[in-house]
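As a plain string of letters, each chain reads:
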Amino acid sequence: MNKPVLPISSLSLKLPITGGGIETYRLAASRTFPAKLEGTLNRVAFSAAHVVADPRADVDPWLSAAIDWDRTIAFRERVWDLGLGVAEAMDTAQRGMGLDWATSLELIQRSVKAAKARGNALVFSGAGTDHLAVEDARSIDDVIHAYEEQIAAVEKAGGRIILMASRALAKLGRTADDYAKVYDRVLSQVREPVIIHWLGDMFDPALSGYWGTADLDKAMDTAVAIINANAAKVDGVKVSLLDKQREIDMRRRLDPRVKMYSGDDFNYAELIAGDDKGFSHALLGIFDAIAPAASYALSRLAAGDEAGFHDVLGPTVPLSRHIFKAPTRFYKTGIVFMAYLNGHQDHFTMVGGQESARSTLHLAELFRLADQAGLLANPEVATRRMQAILTTRGIDA
């Protein structure tokens, strides 16, 4: 069970502040969450999981990815222990941002194998078109064929599909009919219902104008029409627009057979709790960083303790908003930094060298917010690791 929160800890360290100064930050007392799910869940909840880079590999990080497969799969085992599903090879895993299709497929194969060894633990995997260079995409048929190739590979591995947004389609698709042609054709062939991901351009600027228009109202009309026309082939929709009202509006327009999976890392607590007209399930990158708290909060919600749900999940929202602040596409740096602070990897090295994508001030504020939400699993270890990062970045107060 969750232990009481004490007012303050004896731990402190020097952290940088805006303007070039340093402050003595004294930690709050930590909260302790169960390492395994206690009870049941009444929401389907996926963590979009990150990959652990191999810092010992002799590679050029900007050009190729080296993965610590043991640590990467161990992290997924931990997520499954908490009763959450794994959304594999998504943008949280730096898909298309350092992780290429060949490595993504190996990740999917390993993850699906590990899930089956656990009695078919919940895992869906991203299938997109990222092996097709945008400049090489000449026609809508090229996009369809690229989707078909990746879907076939994931299904051959025994996996379920998350149909990712396509940069090539964003380039070539001019009208609603272009998008309908692609999605109708691809969905007609899938073995099992898929999750469709609508990823906003704040996460990937190359996806600007997705669904054939920059007008989000018209884009939603197109997306809803395509999804509802193919409802038998769609398990659910993940919306990553960081706009809670648009998610609610879309949720209410979907065919009843189609789930809404919140991708709103700014407003997930209230969207998952829902209202008298419905609720969202979850497929969130932030659940990678806060998995134990998310699991416990969701178990409280399922037990009818909505106040307990908000007591645990509410304080995580300021941290998530900080991690996902603009430029939002760099949120992976904060996700991996949390994994490092909490001992899920022994280094702060990332695919593509993206540990450099956020400032030292950003990481210091992340530490404060994680501490205040009770999310540092071992505050002594986290404090030492924060100090080590500060030292390597030239702040050794």
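Heads up: these notes are all about the structure in this document. Keep in mind the model is a prediction, meaning the values are calculated, not measured.

**Let's talk about the overall build of the protein chain**
No. 1: Helices and strands together make up the secondary structure of the protein chain, namely 15 helices and 10 strands.
No. 2: Over its C-alpha trace the protein chain gives a radius of gyration of 21 Å, about what one expects of a compact globule, namely 21 Å for 397 residues.
No. 3: Across its three principal directions, the C-alpha atoms of the protein chain cover 60 × 50 × 45 Å.
No. 4: Looking at the protein chain residue by residue over its 397 residues, the buried ones come to 56%.
No. 5: Long-range contacts, defined as pairs at least 24 residues apart, comprise 70% of the intrachain contacts of the protein chain with a sequence gap of at least 6.
No. 6: Per element, the accessible surface of the protein chain, about 15,800 Å² overall, is 50% carbon and sulfur.

**Details of the pattern of salt bridges**
No. 1: Under the counting rule described, the total for this entry stands at 22 salt bridges.
No. 2: Here Glu88 and Arg76 are joined by a salt bridge, their closest N and O atoms 2.5 Å apart. Here Arg76 lies in helix α1 (residues 69–81) and Glu88 lies in strand β4 (residues 85–88), a separation of 12 residues in the sequence.
No. 3: A relative accessible area of 0% places Glu88 in the buried class.
No. 4: Judged by its relative accessible area of 0%, Arg76 is buried.
No. 5: Overlapping salt bridges bring together Glu23, Glu365 and Arg368 as one network.

**Some words on the side chain of Thr72**
No. 1: As for its position among the elements, Thr72 is in helix α1.
No. 2: Within the structure, the side chain of Thr72 is placed 2.9 Å from the backbone oxygen of Asp68, a separation counted as a polar contact.

Basis of the calculations
Residues numbered from 1 in each chain as written. Predicted model: local features only at pLDDT ≥ 70, side-chain atom pairs only at ≥ 80, totals over all residues. Heavy atoms only, no water. Helix = DSSP H or I, 4+ residues; strand = E, 2+ residues; numbered from the N terminus. Rg over C-alpha atoms; globule rule 2.2 N^0.38 Å. Buried < 20%, exposed > 50% of the residue type's maximum accessible area, 1.4 Å probe, protein only. Contact = heavy atoms within 4.5 Å. Areas by Shrake-Rupley, 256 points an atom, 1.4 Å probe, with all protein chains shown as cover. Salt bridge = Lys/Arg side-chain N within 4 Å of Asp/Glu carboxyl O. Polar contact = N/O pair within 3.5 Å; in protein donor to acceptor, adjacent residues only side chain to side chain.

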